[in-house]
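Coordinate inspection notes
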Amino acid sequence: MLKNIPKIVSPELLKILCEMGHGDEIVIADGNFPSETNGKRVVRADGHGGVEILDAVLSLIPLDTYAEHNFMLMQTTNGDPTPTIWAEYFDVANKHDDNLRSTEIERFAFYERAKNAYAVIATGESAIYANIIIKKGVI
């Protein structure tokens, strides 16, 4: 056991977050995201939601202060409404870091970017378009 590590962070996820360097990206994926298809490394977080995983991850790593965008959401398609979970994501991110620089990435471009991410965290989040890429900063 370790002190001050959120219990939701598995040893595998903690190792991955520690291995990541400045500018590396990690995907927090919803339950519908093709994690195994698009991830170099996949950490399973089944049974956990995107908000709680984001909260735990951002309690351990900072967002990149040098990047144009450090918080990237999967853009909705076909006139789908803005997901309500996005407001929760922004609340969590702003709680941990005052350097939030967000953008939306078109769905298929998001998949391509995810293929180059350091890892994908496959959550059990049931909200649609609840996928985020975050860029790790310097501690």
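The following refers to the structure shown. (Residues numbered from 1 in each chain as written. Predicted model: local features only at pLDDT ≥ 70, side-chain atom pairs only at ≥ 80, totals over all residues. Heavy atoms only, no water.)

**Comments concerning the pairing of strand S4 (residues 102–105)**
Inspection of the sheet shows strand S3 (residues 71–74) paired to S4 by four bridges, in the parallel sense. Each residue of the ladder has a partner; that of Phe71, found in S4, is Ser102. (Pairing = 2+ DSSP bridges. Helix = DSSP H or I, 4+ residues; strand = E, 2+ residues; numbered from the N terminus.)

**Description of the sheet that holds strand S6 (residues 132–135)**
In spatial order, the strands read S2-S5-S1-S6-S3-S4; together these six strands make up an open sheet with mixed pairing. The outermost strands of the open sheet, each flanked by one partner alone, are strand S2 (42–45) and S4. Adjacent strand axes in the sheet meet at a mean angle of 20 degrees when their direction is disregarded. The strands touched by helix H5 (residues 107–115) are strand S1 (25–29), S3, S4 and S6; relative to S3, the strand with the most contacts, the crossing angle is about 130 degrees. (Axes fitted to C-alpha atoms, helices over the stretch in contact; angles between N-to-C directions. Contact = heavy atoms within 4.5 Å.)

**Quick notes on the packing of aromatic side chains**
Counted under the stated rule, the structure contains four aromatic pairs. Between Phe33 and Phe110 the ring centres are 6.0 Å apart and the planes differ by 80 degrees, which places this aromatic pair in the edge-to-face class. Of this pair, Phe33 sits in the loop between S1 and helix H2 (35–38) while Phe110 sits in helix H5, and the two are 77 residues apart along the sequence. For the pair Phe33 and Phe110, a shared accessibility class is recorded, and that class is buried. Relative to Tyr111, the ring of Phe108 has its centre 5.7 Å away and its plane inclined at 75 degrees; by these criteria the two rings are edge-to-face. In this pair, Phe108 and Tyr111 are both assigned in helix H5, three residues apart and thus about one turn of the helix distant. Here the aromatic residues Phe33, Phe108, Phe110 and Tyr111 are joined through ring pairs into a cluster of three or more. Above the plane of the ring of Tyr118 lies Arg41, whose end atom (NZ or CZ) is 3.8 Å from the centre. (Phe/Tyr/Trp six-rings, centres within 6.5 Å; stacked < 30°, edge-to-face > 60°. Buried < 20%, exposed > 50% of the residue type's maximum accessible area, 1.4 Å probe, protein only. Lys NZ or Arg CZ within 6 Å of the ring centre and 35° of its normal.)

**As for the side chain of Ser35**
If you trace the backbone, Ser35 turns up in helix H2. The buried category is assigned to Ser35, whose relative accessible area is 4%. Filtering out sequence-adjacent residues up to four positions away, Ser35 remains in contact with Ala29, Val42, Val120 and Ala122.

**Quick word on unusual backbone geometry**
Even without a glycine there, the phi angle at Asn4 is positive, about 65 degrees. Assignment of secondary structure puts Asn4 in the segment before helix H1 (11–19). Of note, the phi angle at Asn78 is positive, near 55 degrees, even though the residue is not glycine. Here Asn78 lies in the loop between S3 and helix H4 (85–96). Residue classification places Asn78 among the exposed residues on the basis of a relative accessible area of 77%.

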